[in-house]
Amino acid sequence: MQAMRKKQHRKYVPDTRFIVMDRRIGIDYSRGVPEGLQLYVKDRTIVDYNNVPYNGISQFIVRDDLNLRLAKVFPAEVFYMPHPTLTKGGPVIGAGQADLVSGEVLEAIAESGHYRDKVNPVEYSINTLRTFWQAVEKNRIKISDFATSSLRYILFRG
(Lines give C-alpha, C1' and ligand atoms only; values in the text may rest on other atoms or scores of the structure.)
Protein backbone atom coordinates (compact mmCIF):
# COMPACT_ATOMS: atom_id res chain seq x y z
CA MET A 1 0.00 0.00 0.00
CA GLN A 2 1.36 3.39 -0.97
CA ALA A 3 1.95 5.91 1.84
CA MET A 4 -0.27 8.99 1.79
CA ARG A 5 1.68 12.10 0.84
CA LYS A 6 0.83 15.45 2.30
CA LYS A 7 -0.45 17.79 -0.41
CA GLN A 8 2.10 20.43 -1.31
CA HIS A 9 0.68 23.91 -1.74
CA ARG A 10 2.00 26.19 -4.43
CA LYS A 11 4.19 28.93 -2.97
CA TYR A 12 4.15 32.53 -4.11
CA VAL A 13 6.97 35.04 -3.65
CA PRO A 14 6.69 38.85 -3.71
CA ASP A 15 6.72 40.46 -7.17
CA THR A 16 10.22 41.92 -7.66
CA ARG A 17 8.86 45.13 -9.22
CA PHE A 18 7.04 45.93 -5.99
CA ILE A 19 10.06 45.04 -3.87
CA VAL A 20 12.15 47.58 -5.81
CA MET A 21 9.45 50.26 -5.48
CA ASP A 22 9.05 49.59 -1.75
CA ARG A 23 12.80 49.87 -1.16
CA ARG A 24 12.84 53.22 -2.94
CA ILE A 25 10.34 54.62 -0.45
CA GLY A 26 12.06 53.07 2.56
CA ILE A 27 9.88 50.01 3.23
CA ASP A 28 11.90 47.30 4.99
CA TYR A 29 10.06 43.95 5.20
CA SER A 30 12.63 42.54 7.63
CA ARG A 31 11.23 44.67 10.45
CA GLY A 32 7.96 42.75 10.35
CA VAL A 33 4.58 44.06 11.52
CA PRO A 34 4.55 46.69 14.27
CA GLU A 35 3.15 45.07 17.41
CA GLY A 36 0.11 47.36 17.66
CA LEU A 37 -1.02 46.39 14.16
CA GLN A 38 -0.85 42.61 14.55
CA LEU A 39 -4.02 40.61 15.00
CA TYR A 40 -4.17 37.35 16.95
CA VAL A 41 -6.44 34.34 17.35
CA LYS A 42 -7.72 33.95 20.90
CA ASP A 43 -10.60 31.68 21.90
CA ARG A 44 -11.54 31.19 18.21
CA THR A 45 -11.86 34.97 17.74
CA ILE A 46 -9.52 37.40 15.98
CA VAL A 47 -8.45 40.09 18.42
CA ASP A 48 -6.21 43.14 18.40
CA TYR A 49 -3.24 43.99 20.62
CA ASN A 50 -5.60 44.80 23.52
CA ASN A 51 -7.49 41.46 23.19
CA VAL A 52 -10.54 43.26 21.77
CA PRO A 53 -12.42 41.41 18.98
CA TYR A 54 -11.46 43.17 15.75
CA ASN A 55 -13.92 44.97 13.48
CA GLY A 56 -12.69 45.98 10.04
CA ILE A 57 -10.53 44.96 7.14
CA SER A 58 -7.42 42.92 7.80
CA GLN A 59 -4.72 41.68 5.52
CA PHE A 60 -3.69 38.06 5.81
CA ILE A 61 -1.08 35.64 4.60
CA VAL A 62 -1.15 31.86 4.87
CA ARG A 63 2.13 30.05 5.45
CA ASP A 64 2.76 26.54 4.13
CA ASP A 65 1.96 25.03 7.55
CA LEU A 66 -1.51 26.66 7.30
CA ASN A 67 -0.63 29.20 9.97
CA LEU A 68 -2.45 32.44 9.45
CA ARG A 69 -0.90 35.86 10.07
CA LEU A 70 -3.15 38.90 10.16
CA ALA A 71 -2.71 42.65 10.52
CA LYS A 72 -4.90 45.74 10.49
CA VAL A 73 -5.32 47.59 7.20
CA PHE A 74 -5.13 51.35 6.86
CA PRO A 75 -5.42 53.52 3.75
CA ALA A 76 -1.98 53.69 2.10
CA GLU A 77 -1.77 57.45 2.63
CA VAL A 78 -2.14 56.88 6.40
CA PHE A 79 0.14 53.88 6.84
CA TYR A 80 1.51 51.69 4.05
CA MET A 81 2.30 48.12 5.08
CA PRO A 82 2.41 45.59 2.22
CA HIS A 83 1.69 41.85 2.60
CA PRO A 84 5.41 40.84 2.58
CA THR A 85 5.76 42.66 5.91
CA LEU A 86 3.74 39.82 7.48
CA THR A 87 6.38 37.28 6.42
CA LYS A 88 9.46 39.53 6.42
CA GLY A 89 9.55 39.03 2.65
CA GLY A 90 9.16 35.24 2.65
CA PRO A 91 6.98 33.00 0.46
CA VAL A 92 3.30 32.31 1.16
CA ILE A 93 0.64 29.94 -0.11
CA GLY A 94 -1.97 32.69 -0.04
CA ALA A 95 -2.38 36.41 0.61
CA GLY A 96 -5.43 38.62 0.68
CA GLN A 97 -7.84 40.59 2.81
CA ALA A 98 -10.55 39.53 5.23
CA ASP A 99 -13.48 41.52 6.56
CA LEU A 100 -13.96 40.86 10.27
CA VAL A 101 -16.94 41.65 12.49
CA SER A 102 -16.60 41.15 16.25
CA GLY A 103 -13.52 39.04 15.54
CA GLU A 104 -15.42 36.65 13.23
CA VAL A 105 -14.75 36.21 9.50
CA LEU A 106 -17.39 37.85 7.32
CA GLU A 107 -15.69 37.79 3.92
CA ALA A 108 -12.31 37.08 2.32
CA ILE A 109 -10.78 38.08 -0.98
CA ALA A 110 -7.53 37.13 -2.72
CA GLU A 111 -6.27 40.69 -3.07
CA SER A 112 -2.54 41.30 -3.01
CA GLY A 113 -0.40 43.31 -5.36
CA HIS A 114 2.82 41.82 -4.03
CA TYR A 115 1.84 38.13 -4.05
CA ARG A 116 0.12 37.05 -7.24
CA ASP A 117 0.30 34.86 -10.29
CA LYS A 118 0.40 37.02 -13.42
CA VAL A 119 0.05 33.98 -15.68
CA ASN A 120 -2.92 32.37 -13.94
CA PRO A 121 -4.66 34.85 -11.62
CA VAL A 122 -7.81 32.72 -11.30
CA GLU A 123 -5.78 29.78 -9.99
CA TYR A 124 -4.07 32.14 -7.54
CA SER A 125 -7.44 33.40 -6.26
CA ILE A 126 -8.81 29.89 -5.83
CA ASN A 127 -5.64 28.66 -4.08
CA THR A 128 -5.56 31.67 -1.78
CA LEU A 129 -9.19 31.36 -0.71
CA ARG A 130 -8.93 27.60 -0.29
CA THR A 131 -5.82 27.86 1.89
CA PHE A 132 -7.33 30.76 3.86
CA TRP A 133 -10.38 28.66 4.74
CA GLN A 134 -8.21 25.66 5.57
CA ALA A 135 -6.27 27.90 7.97
CA VAL A 136 -9.53 29.23 9.46
CA GLU A 137 -10.69 25.66 9.99
CA LYS A 138 -7.33 24.54 11.42
CA ASN A 139 -7.37 27.42 13.92
CA ARG A 140 -11.09 26.96 14.59
CA ILE A 141 -11.77 30.65 13.96
CA LYS A 142 -15.42 31.66 14.13
CA ILE A 143 -17.28 32.49 10.92
CA SER A 144 -19.93 35.19 11.11
CA ASP A 145 -23.56 34.14 10.74
CA PHE A 146 -23.76 36.92 8.16
CA ALA A 147 -20.99 35.52 5.94
CA THR A 148 -21.93 35.64 2.28
CA SER A 149 -23.33 32.56 0.62
CA SER A 150 -20.47 32.53 -1.94
CA LEU A 151 -17.98 32.43 0.91
CA ARG A 152 -19.80 29.54 2.57
CA TYR A 153 -19.92 27.73 -0.78
CA ILE A 154 -16.13 27.96 -1.13
CA LEU A 155 -15.64 26.92 2.47
CA PHE A 156 -17.84 23.85 2.45
CA ARG A 157 -17.39 22.84 -1.18
CA GLY A 158 -13.61 22.57 -0.80
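Refer to the structure printed above.
Participant: Kindly report on the packing of aromatic side chains, identifying the contributing residues and their values.
Facilitator: Here the structure, examined in full by the defined rule, presents three aromatic pairs. Ring geometry for phenylalanine 60 and phenylalanine 132: centres 4.3 Å apart, planes at 35°, overall tilted. Placement of the pair is phenylalanine 60 in strand β3 (residues 56-62) and phenylalanine 132 in helix α2 (residues 121-138), with a sequence separation of 72 residues. For the pair phenylalanine 60 and phenylalanine 132, a shared accessibility class is recorded, and that class is buried. When the centroid spacing of 4.9 Å and the interplanar angle of 80° are considered together, the rings of phenylalanine 132 and tryptophan 133 count as edge-to-face. Tryptophan 133 shares its class with phenylalanine 132; the two are buried.

Participant: Explain the sheet that holds strand β5 (residues 94-101) to me, using residue names and the numbers behind them.
Facilitator: Think of a sheet as strands paired side by side through backbone hydrogen bonds, with each pair either parallel or antiparallel. One open sheet accounts for six strands, arranged β2-β1-β4-β3-β5-β6; its pairing is antiparallel. Only two strands of the sheet have a single neighbouring strand rather than two, namely β2 (45-47) and β6 (104-109). Averaged over all pairs of adjacent strands, the angle between their axes in this sheet comes to 35°, without regard to strand direction. As paired elements, strand β1 (residues 38-42) and strand β4 (residues 68-72) share two bridges and run antiparallel to each other. Its bridge partner being in β4, glutamine 38 is matched across the sheet by alanine 71. Contacts between α2 and the sheet are confined to β3, β4, β5 and β6, with β6 contributing the most and set at about 165° to the helix.

Participant: Would you mind going over the pairing of β5 in detail, with residue names and values included?
Facilitator: Pairing of β3 with β5 involves seven bridges; the strand directions are antiparallel. If you follow glycine 56 over to β5, its bridge partner there is leucine 100. With five bridges connecting them, β5 and β6 associate as antiparallel partners. When the bridges of β6 are listed, glutamine 97 appears paired with isoleucine 109.

Participant: How would you sum up the pairing of β3? Please name residues and give values.
Facilitator: Across the seven residues of β3, five count as buried, placing the element largely inside the fold. Where β3 and β4 come together, five bridges link them in antiparallel fashion. Across the sheet, the residue bridging to valine 62 is leucine 68, located in β4. Between the antiparallel neighbours β3 and β4 lie five residues, among them leucine 66 with a positive phi of about 65°.

Participant: Provide a residue-level description of the pattern of salt bridges, including the pertinent values.
Facilitator: By the definition in use, this model includes seven salt bridges. Among the charged side chains, a network of salt bridges with common partners joins Asp15, Arg17, Arg116 and Lys118.

Participant: Describe the nonpolar core, with residues and values.
Facilitator: If you look at soluble globular proteins, the nonpolar side chains tend to sit buried side by side. Counting 19 residues, the largest nonpolar core has Val62, Leu68, Val105 and Phe132 as its most contacted members. Secondary-structure elements contributing two or more residues to this core are β3, β4, β5, β6 and α2. Considering each element in turn, this core owes the most residues, five residues, to α2. Discounting chain neighbours no more than four positions away, the residues touching leucine 68 are Phe60, Ile61, Val62, Phe132, Ala135, Val136, Asn139 and Ile141.

Participant: I'd like a description of helix α1 (residues 16-24), backed by residues and values.
Facilitator: Between the side-chain oxygen of the N-cap and the backbone nitrogen of arginine 17 there are 2.9 Å, and the N-cap of α1 in question is aspartate 15. With its phi angle positive at about 90°, glycine 26 sits one or two positions after the end of α1.

Participant: Residues and numbers for the environment of valine 122, please.
Facilitator: Along the polypeptide, valine 122 turns up in helix α2. By relative accessible area, which is 54% here, valine 122 ends up exposed. Remark: the alpha-carbon pair of valine 122 and alanine 110, spanning 12 residues in sequence, is separated by 9.7 Å.

Conventions and cut-offs
- Residues numbered from 1 in each chain as written.
- Predicted model: local features only at pLDDT ≥ 70, side-chain atom pairs only at ≥ 80, totals over all residues.
- Heavy atoms only, no water.
- Phe/Tyr/Trp six-rings, centres within 6.5 Å; stacked < 30°, edge-to-face > 60°.
- Helix = DSSP H or I, 4+ residues; strand = E, 2+ residues; numbered from the N terminus.
- Buried < 20%, exposed > 50% of the residue type's maximum accessible area, 1.4 Å probe, protein only.
- Pairing = 2+ DSSP bridges.
- Axes fitted to C-alpha atoms, helices over the stretch in contact; angles between N-to-C directions.
- Contact = heavy atoms within 4.5 Å.
- Salt bridge = Lys/Arg side-chain N within 4 Å of Asp/Glu carboxyl O.
- Core = buried A, V, L, I, M, F, W, Y, C linked by side-chain atoms within 4.5 Å.
- Polar contact = N/O pair within 3.5 Å; in protein donor to acceptor, adjacent residues only side chain to side chain.

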